[in-house]
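Descriptive analysis of the structure
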Amino acid sequence: QVNTFQVVICSDGEDSYVQFLYADGGIQWIQSTGQSTGLPDARAQAGLMSGDGRLFTLRGSGTDQIQNLDKWSNIQVPGMWLFHVGLTGQGGNVMPPDLDGTSEN
């Protein structure tokens, strides 16, 4: 069993965005059995991690709810997630997309 997804990273040199796409039915497993100890592995996780260790996880990550990534969204399109991660004066934090054309800057 595999989990199927696509990741797109785009930038105009000033701002950067990351988009995740989880196809309908693309989440087929949430946890495997550990190979060496017989203990279960950690549950599947999805998100962003910076080189300096900052972590942002998608809703349901690390829980049984990870199976809903193809149904949930932060932009009202099932299975699609969009994040603003660029040089926006936000200290390099992950931000939801600015969908209404306004800015918090």
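Residues numbered from 1 in each chain as written. Predicted model: local features only at pLDDT ≥ 70, side-chain atom pairs only at ≥ 80, totals over all residues. Heavy atoms only, no water.

**A few points about the confidence of the model for the protein chain**
Counting all residues, the mean pLDDT for the protein chain is 79, and 76% of those residues have values of 70 or more. Scored below 50 in pLDDT, residues 101–105 makes four contacts in the model with residues more than four places away or belonging to other chains. (pLDDT = per-residue confidence, 0-100. Contact = heavy atoms within 4.5 Å.)

**Points about the nonpolar core**
Phe20, Tyr22, Leu58, Leu69 and Trp81 are the most contacted members of the largest nonpolar core, which totals 14 residues. Of all elements in the fold, only β2 (16–27) and β5 (80–84) reach the threshold of two or more residues within this core. (Core = buried A, V, L, I, M, F, W, Y, C linked by side-chain atoms within 4.5 Å. Buried < 20%, exposed > 50% of the residue type's maximum accessible area, 1.4 Å probe, protein only. Helix = DSSP H or I, 4+ residues; strand = E, 2+ residues; numbered from the N terminus.)

**Notes on the environment of Ala44**
Within the element layout of this structure, Ala44 appears in the loop between β2 and β3 (47–49). In this structure, the C-alpha to C-alpha distance between Ala44 and Thr63, residues 19 residues apart in sequence, is 7.4 Å.

**Quick word on the packing of aromatic side chains**
Using the criterion set out here, one finds four aromatic pairs in the structure. With a centroid separation of 6.4 Å and an interplanar angle of 25 degrees, the aromatic rings of Phe20 and Tyr22 are classed as stacked. Residue Tyr22 is classed as buried on the basis of its relative accessible area of 6%. Linked through ring pairs, Phe5, Phe20, Tyr22, Phe56 and Phe83 together constitute an aromatic cluster. (Phe/Tyr/Trp six-rings, centres within 6.5 Å; stacked < 30°, edge-to-face > 60°.)

**Regarding unusual backbone geometry**
Positive phi outside glycine occurs at Gln76, with the angle close to 60 degrees. Mapped onto the elements of the fold, Gln76 is located in the loop between β4 (55–57) and β5. On the accessibility criterion, Gln76 (67% relative accessible area) is exposed.

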